[in-house]
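Structure assessment
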There are 4 protein chains.
Amino acid sequence: MSPKIVDVDEKKKQITDAAIRVLARKGLKETKMEDVAEAAGIGKGTLYEYFKSKDELFLVAYRHIMEEFECQTDLKLPENVTTIDTLKAIISMMTSMHTSDFPLDHFQVLTEFWLEEVKSANQGKKRQFDMLATYREYIDLVKAVFEQGIQKGEIRDINPEHAATILMMIFDGLMLLWMLDKNSFDFKGTVDTFGGIFIKGIQKQG
Amino acid sequence: MSPKIVDVDEKKKQITDAAIRVLARKGLKETKMEDVAEAAGIGKGTLYEYFKSKDELFLVAYRHIMEEFECQTDLKLPENVTTIDTLKAIISMMTSMHTSDFPLDHFQVLTEFWLEEVKSANQGKKRQFDMLATYREYIDLVKAVFEQGIQKGEIRDINPEHAATILMMIFDGLMLLWMLDKNSFDFKGTVDTFGGIFIKGIQKQG
Amino acid sequence: MSPKIVDVDEKKKQITDAAIRVLARKGLKETKMEDVAEAAGIGKGTLYEYFKSKDELFLVAYRHIMEEFECQTDLKLPENVTTIDTLKAIISMMTSMHTSDFPLDHFQVLTEFWLEEVKSANQGKKRQFDMLATYREYIDLVKAVFEQGIQKGEIRDINPEHAATILMMIFDGLMLLWMLDKNSFDFKGTVDTFGGIFIKGIQKQG
Amino acid sequence: MSPKIVDVDEKKKQITDAAIRVLARKGLKETKMEDVAEAAGIGKGTLYEYFKSKDELFLVAYRHIMEEFECQTDLKLPENVTTIDTLKAIISMMTSMHTSDFPLDHFQVLTEFWLEEVKSANQGKKRQFDMLATYREYIDLVKAVFEQGIQKGEIRDINPEHAATILMMIFDGLMLLWMLDKNSFDFKGTVDTFGGIFIKGIQKQG
DNA sequence: TATGAATGAGAGTTCATTCAT
DNA sequence: CATGAATGAACTCTCATTCAT
């Protein structure tokens with residue numbers, strides 16, 4: 001009656017993981033379904049038992065990385081502390097993320113997806129991934145910190161939206177640079193320097 | 001030497017320009033040699049008279065964009081002014097670049113090349129483009145400004161290398177975000193806010 | 001002999017019925033083994049317990065339809081009536097068949113099998129279905145009617161083989177046209193008109 | 001300047017002819033693009049220089065056969081003759097068509113296209129070929145002959161639409177049977193017998 | 001020199017069939 | 001027996017590159 005029992009979700013995860021591995025190594029364009037199949041240790045046709053198409057597989061891979069990423073960055077903002085301390089925590093998280101278990105290769109994959117999205121945006125195509133929504137989420141979170149800090153009079157009256165954007169984007173920028181030059185670029189040091197400057201830059205009276 | 005050589009260079013430029021136009025519209029992956037030929041108003045086979053391969057053509061296209069970009073950003077740092085003023089000039093240049101004649105589409109192309117480079121770096125391949133060198137050049141330039149400022153006692157004693165890197169990368173980060181969300185993202189406002197915070201963050205006594 | 005054998009036949013029938021249902025809906029080319037399995041409410045692999053291959057299953061399906069069809073057309077030619085009356089009975093049977101319980105979809109399936117056969121014939125392949133034999137059977141039956149009629153002097157001295165063939169083929173031709181244009185084609189009317197002309201055409205003295 | 005000059009239409013025709021040859025031999029389902037390419041003596045990719053897709057190629061092949069067919073059947077109805085003579089001419093054309101230069105293989109191809117159409121009709125899909133229109137055209141032409149004959153009192157008052165349909169469909173039916181049994185089926189004889197019966201069947205007073 | 005017709009390796013995808021459970 | 005997960009050959013179609021003209 002019951003033949004081989006397969007945990008479909010487990011298998012999907014296996015395939016997705018294999019896909020991410022290949023994507024990290026070969027990039028979006030150069031990753032062939034056959035490569036993924038081989039990496040997953042299965043036949044080419046089997047992929048299509050679990051995913052309708054290359055696009056679907058890659059979309060799931062993207063979501064998978066995002067979830068993983070979001071786990072890492074689960075912003076548990078400390079309560080009952082000063083705004084400055086909260087921002088310090090956020091900035092130090094950047095470093096910890098960079099040195100954490102989150103595979104750095106995955107950033108590269110994420111970046112490629114992102115670029116694909118940028119291209120779609122540019123060509124007026126329907127976007128596959130709602131990266132903007134993800135950004136907004138983070139930015140809104142950080143923005144609230146600034147808003148409270150301003151309200152409480154703990155920091156200068158800067159534009160909270162802009163400040164939050166800057167905080168997010170400096171991380172992206174540095175990640176990209178690091179990808180290009182893993183050997184000699186001092187990620188942690190640069191983040192620390194940034195933190196010092198930024199904190200000082202928003203403090204009330206210096 | 002002979003007029004022919006001029007012709008060849010002229011033709012190469014025509015083709016490169018066409019390639020960039022198509023690249024900006026279609027992206028790296030979706031740009032076919034045929035598209036480029038059509039855009040250049042020549043035959044498909046003629047491309048191969050001037051460029052050995054797609055890769056070579058795209059490499060030249062990349063270099064072409066970089067030159068164009070470098071013209072725009074030709075950092076004519078003002079002399080005999082305070083470090084702070086110099087930095088203000090650099091930051092305001094970011095906005096001007098964003099609104100300048102440098103076609104914004106080309107940033108996208110540049111970004112794609114960059115990613116290609118990142119991927120190459122990751123795979124241990126020979127890098128096609130020497131982006132890192134370009135970055136270094138800019139960073140060294142800005143770094144010198146910080147070093148002088150520190151030496152003169154005009155700004156705090158921060159790590160000049162890091163500070164320069166931050167300045168470069170915030171621009172990249174914001175450009176990327178802007179590409180993703182051209183409509184609602186306030187590029188200039190964010191840069192201005194950043195400038196305010198950054199300047200204050202490096203000033204001697206706040 | 002053993003109850004199992006009955007089970008097997010029963011199951012085969014179930015599968016065959018399911019196959020015909022799918023064939024009627026999707027056509028020969030578009031019917032997948034998986035569709036048949038699903039329609040039969042069994043697993044894909046189970047099909048191969050009962051049929052060696054897709055071809056074998058379809059062959060059995062064809063035979064099944066033919067049997068069903070033959071039941072419908074079981075030419076119980078009336079005895080002790082005039083040849084003309086017999087022919088009228090045959091012609092009216094065409095209409096009744098068209099409006100009878102014999103699922104009209106099955107004609108389509110039959111037609112597809114037929115074409116497959118024509119193709120096989122053309123390629124010198126071994127024919128899968130013995131359609132010609134079936135035709136012969138019917139034609140011989142009808143031919144005998146004409147022969148008797150001629151012998152008895154009730155109808156003109158026409159070629160009985162040809163006349164029988166015409167009678168069979170007009171039905172096929174009209175069925176095909178009807179399939180192409182179910183909405184506006186008047187099957188019964190056309191058959192009736194044909195009957196009138198044909199009967200008059202073979203009568204002794206008009 | 002001008003490279004190889006190719007008559008696109010001529011080449012298209014060559015490919016279409018090759019396609020029809022293969023279609024006649026292998027059938028709609030079994031004809032692969034590679035087969036067609038081989039038959040045309042060109043590379044697989046070249047097909048796509050002239051036809052966007054398999055469907056398009058096959059559609060053109062169909063139209064090509066139809067044109068060829070229509071040339072053959074160009075009903076030049078004789079003028080100033082009796083209706084009976086006209087009908088005799090039509091019927092004798094059936095035989096001449098069958099023995100004419102019109103490649104009989106092409107009927108098979110046509111029939112397959114037709115069946116595809118029937119299937120499309122059945123599944124409510126958009127029809128690719130407008131076969132019904134072609135039939136209508138012929139039927140209307142023949143119908144007019146009957147109408148005039150009835151008006152002039154030369155033939156019995158039968159339903160002209162039905163009579164025309166019968167005339168067309170008997171040809172189709174016999175062609176199909178002939179395809180199934182090229183060796184022993186007497187096409188011409190059967191048509192002649194039909195002619196005799198039909199003419200007598202519609203005559204005024206027999 | 002300029003061309004574009006021709007190409008074929010290789011991409012994504014399908015599906016009849018197998019076989020471990 | 002029954003199953004459906006796994007498979008890979010084979011399909012349609014793409015496109016960088018070649019080469020006869």
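Residues numbered from 1 in each chain as written. Chains lettered and ligands numbered in written order. Predicted model: local features only at pLDDT ≥ 70, side-chain atom pairs only at ≥ 80, totals over all residues. Heavy atoms only, no water.

**Some details on the interface of chain A and chain B**
Quick note on the threshold: Pairs of residues are marked as contacts when any of their non-hydrogen atoms sit within 4.5 Å. Summed over both partners, the accessible area (1.4 Å probe) lost when two parts come together is defined as the buried area. Salt bridge criterion: a side-chain nitrogen from Lys or Arg within 4 Å of a carboxyl oxygen from Asp or Glu. Pairing of N or O atoms within 3.5 Å defines a polar contact, subject to two protein rules: one partner must be a possible hydrogen donor and the other a possible acceptor, and residues neighboring in sequence count only if both atoms are side-chain atoms.
In this assembly, 55 residues from chain A lie in contact with 55 residues from chain B. Counting the surface lost from both chain A and chain B, the interface buries some 4500 Å², and carbon and sulfur atoms represent 69% of this. Between chain A and chain B we count 0 salt bridges in total. Run the count over chain A and chain B and you get 7 residue pairs in polar contact (both at pLDDT 80 or more).

**Comments concerning the protein's contact with DNA strand F**
What counts here: Throughout, near means a residue has at least one heavy atom within 4 Å of the molecule or strand. Numbering goes from the N terminus for both helices and strands, where a helix is a DSSP run of H or I of at least four residues and a strand is a run of E of at least two. Classification used: nonpolar for Ala, Val, Leu, Ile, Met, Phe, Trp, Tyr, Cys and Pro, charged for Asp, Glu, Lys and Arg, polar for all others including Gly.
Near DNA strand F you find 35 residues, and of these Lys11, Gly43 and Tyr50 of chain A, Lys32 of chain B together with Thr46 of chain C are the closest. Taken together, the sugar and phosphate atoms account for 66% of what DNA strand F places within 4 Å of the protein. One of the side-chain nitrogen or oxygen atoms of Lys11 of chain C is found 3.5 Å away from a phosphate oxygen of DNA strand F. For the surface near DNA strand F, the elements supplying multiple residues, two or more each, are helix 3 (44-50) of chain A, helix 3 (44-50) of chain B, helix 1 (3-26) and helix 3 (44-50) of chain C together with helix 3 (44-50) of chain D. Partitioned by chemical class, the residues of the surface near DNA strand F number 12 nonpolar, 10 polar and 13 charged.

**Topic: the domain arrangement of chain A**
All names here are of chain A. Let me state the cut-off plainly: For the domain bounds, the source is a domain assignment made automatically or taken from a database.
Per the domain assignment, the segments making up chain A are domain 1 (1-65) and domain 2 (73-206). Relative placement of domain 1 and domain 2: their C-alpha centres are 31 Å apart. With 10 residues of domain 1 in contact, the opposing surface of domain 2 contributes 13 residues. Ranking the residues of domain 1 by area buried against domain 2 places Leu28, Tyr62 and Ile65 at the top, with a combined share of 59%. For the interface between domain 1 and domain 2, the tally reads 0 salt bridges. Within the residue set of the side of domain 1 that touches domain 2, elements represented by two or more residues are helix 1 (8-26) and helix 4 (54-72). Looking at which element gives the most residues to the side of domain 1 that touches domain 2, the answer is helix 4, with 5 residues.

**Thoughts on the protein's contact with DNA strand E**
Of all residues adjacent to DNA strand E, which total 33 residues, the nearest are Lys32 of chain C together with Lys11, Gly43, Lys44 and Tyr50 of chain D. Between a phosphate oxygen of DNA strand E and a main-chain N or O atom of Lys54 of chain A, the distance comes to 2.8 Å. Separating a phosphate oxygen of DNA strand E from a side-chain N or O atom of Thr46 of chain B is a distance of 2.6 Å. If you list the elements that add at least two residues to the surface near DNA strand E, you get helix 3 of chain A, helix 3 of chain B, helix 3 of chain C together with helix 3 of chain D. Of the residues that constitute the surface near DNA strand E, the class distribution is 12 nonpolar, 9 polar and 12 charged.

**Considerations on the side chain of Thr31 of chain D**
Residues and elements named next belong to chain D. Looking at the element boundaries, Thr31 is found in the loop between helix 1 (8-26) and helix 2 (33-40). A distance of 2.6 Å separates a polar side-chain atom of Thr31 from the backbone oxygen of Gly27. Residues in contact with Thr31, not counting those within four places in the same chain, are Val22, Leu23, Lys26, Val36, Lys54 and Phe58.

**A closer look at the relation of the copies chain A and chain B**
As a reminder, the rule being used: Each copy is superposed on the other by least squares, with the fit set by C-alpha atoms of residues at a pLDDT of at least 70 in both.
Superposition record for chain A on chain B: RMSD 0.4 Å, screw rotation 178°, translation along axis 0.0 Å. Expressed as a symmetry operation, the mapping of one chain copy onto the other fits a two-fold axis. Taking C-alpha positions as reference, the residue of chain A nearest the rotation axis is Gly201 of chain A, located at 1.8 Å. Looking at the interface residues of chain A, 98% of them are also at the interface in chain B, so both copies use one shared face.

**A look at the interface of chain C and chain D**
Across the contact, 54 residues belong to chain C and 55 residues belong to chain D. Counting the surface lost from both chain C and chain D, the interface buries some 4500 Å², and carbon and sulfur atoms represent 69% of this. At the junction of chain C and chain D, the tally comes to 0 salt bridges. Joining chain C to chain D, the criterion identifies 6 residue pairs in polar contact (both at pLDDT 80 or more). Listed by contribution, the elements that provide at least two residues to the side of chain C that touches chain D are helix 1, helix 6 (104-122), helix 7 (131-151), helix 8 (160-180) and helix 9 (187-202) of chain C. If you tally residues by element for the side of chain C that touches chain D, the top one is helix 8 of chain C, at 12 residues.

**Description of the packing of helix 7 (residues 131-151) of chain D against helix 8 (residues 160-180) of chain D**
Each pair of packed helices can be summarised by the angle the axes make with each other and by the distance between the axes. Residue and element names in this part refer to chain D. Let me state the cut-off plainly: As a rule, the C-alpha atoms of each element are fitted with a line to give its axis, helices using only the stretch in contact, and angles between N-to-C directions run from 0 to 180 degrees. Just so you know how the angles are binned, under 35 degrees is roughly parallel, over 145 roughly antiparallel, 65 to 115 roughly perpendicular, and the rest oblique. Helix crossings get a hand from a simple test, with the near helix turned counterclockwise from the far one by less than a right angle marking a left-handed crossing and a clockwise turn marking a right-handed one.
Where helix 7 contacts helix 8, the axes come no closer than 8 Å and their chain directions differ by 130°. When the axis of helix 7 is compared with that of helix 8, the two are oblique. The crossing of helix 7 and helix 8 is right-handed. Residue-level inspection shows Tyr135, Arg136, Tyr138, Ile139, Val142, Lys143, Phe146, Glu147 and Ile150 of helix 7 in contact with helix 8, the latter providing Pro160, Glu161, Ala163, Ala164, Thr165, Leu167, Met168, Met169 and Asp172. Of the residues contributing to the contact of helix 7 with helix 8, the split by class is 12 nonpolar, 1 polar and 5 charged.

**Here's the deal with the packing of helix 4 (residues 54-72) of chain D against helix 7 of chain D**
Residues and elements named next belong to chain D. For the pair helix 4 and helix 7, the least separation of the axes is 13 Å and the interaxial angle reads 5°. The angle between helix 4 and helix 7 places the two elements in the roughly parallel class. For the pair helix 4 and helix 7, the contacting residues are Tyr62, Met66, Phe69 and Glu70 in the first and Met131, Thr134 and Tyr138 in the second.

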